[in-house]
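# Analysis of the macromolecular model
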Amino acid sequence: MNTSTSISTTDSYWNMLKHLSDDVKIDLITLLSSSLKKKKEKSVSASNFYGIWGDDGMTTEEFVDEIRSFRRFNHDIVEL
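The following refers to the structure shown.

Criteria and cut-off values
- Here the residue numbering is sequential within each chain, running from 1 through the sequence in written order.
- A pLDDT threshold of at least 70 governs which residues receive local features in this predicted model, and a stricter bar of 80 or more applies before side-chain atom pairs are shown or counted, although totals over entire chains, interfaces and linings include all residues.
- Side-chain figures throughout are based on the complete set of non-hydrogen atoms in the structure, without hydrogens or water.
- Here a helix means four or more residues in a row that DSSP labels H or I, a strand means two or more in a row labelled E, and each is numbered from the N terminus.
- Burial here depends on accessible area, computed with a 1.4 Å probe over protein chains only, as a share of the maximum for the residue type. Under 20% is buried, over 50% is exposed, and the range in between is partly exposed.
- Calculation of accessible area relied on Shrake-Rupley with a 1.4 Å probe; when residues are assessed, cover is drawn exclusively from the protein chains displayed.
- Exposure above 30% relative accessible area and the lack of any salt bridge qualify a residue for a patch; like charges then connect within 9 Å, and the nonpolar side chains Val, Leu, Ile, Met, Phe, Trp and Tyr within 5 Å.
- Here, a salt bridge means any side-chain nitrogen of Lys or Arg that lies within 4 Å of a carboxyl oxygen of Asp or Glu.
- Charge assignment in this entry is limited to Lys and Arg as positive and Asp and Glu as negative, and neither His nor the chain termini are counted.
- Here the site of a charge means atom NZ of a Lys, CZ of an Arg, CG of an Asp or CD of a Glu.

What follows deals with the overall build of the protein. Helix and strand counts for the protein stand at three helices and zero strands. N-terminal to C-terminal, the α/β element order of the protein is α-α-α. Relative to its 80 residues, the protein shows a buried fraction of 0%. Carbon together with sulfur atoms contributes 58% to the accessible area of the protein, which is approximately 8,500 Å² in total.

Here it is in structure tokens:
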């Protein structure tokens, strides 16, 4: 957001809020302040999951066959 847009947005909010009571303004300040203090969620890297399955003794082909056996399709194939 550029500076002119930011100022315009701020002015728009101020025009809506300036007539509120002092108590309501303080409550809004508190809510805004607490929203800034909340920790942002950390992104999860795929490297965190490296080696999570471990070696269960299956060959690659067995593993692929097992995955394929779990696939389910929810549509019927109709011959033309």
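The next point concerns a negative patch on the surface. Together, D56, E61, E62, D65 and E66 line one region of the surface with negative charge. Here E61 shows up in helix α3 (residues 60–70).

Now for a nonpolar patch on the surface. A cluster of nonpolar side chains, contributed by Y13, W14, M16, L17, L20, V24, L28 and L31, occupies part of the molecular surface with about 760 Å² of accessible area. At the level of secondary structure, the elements contributing two or more residues to the nonpolar patch comprise α1 (3–17) and α2 (22–37). Here the nonpolar patch gets four residues from one element, more than from any other, and that element is α1. Here L20 lies in the loop between α1 and α2.

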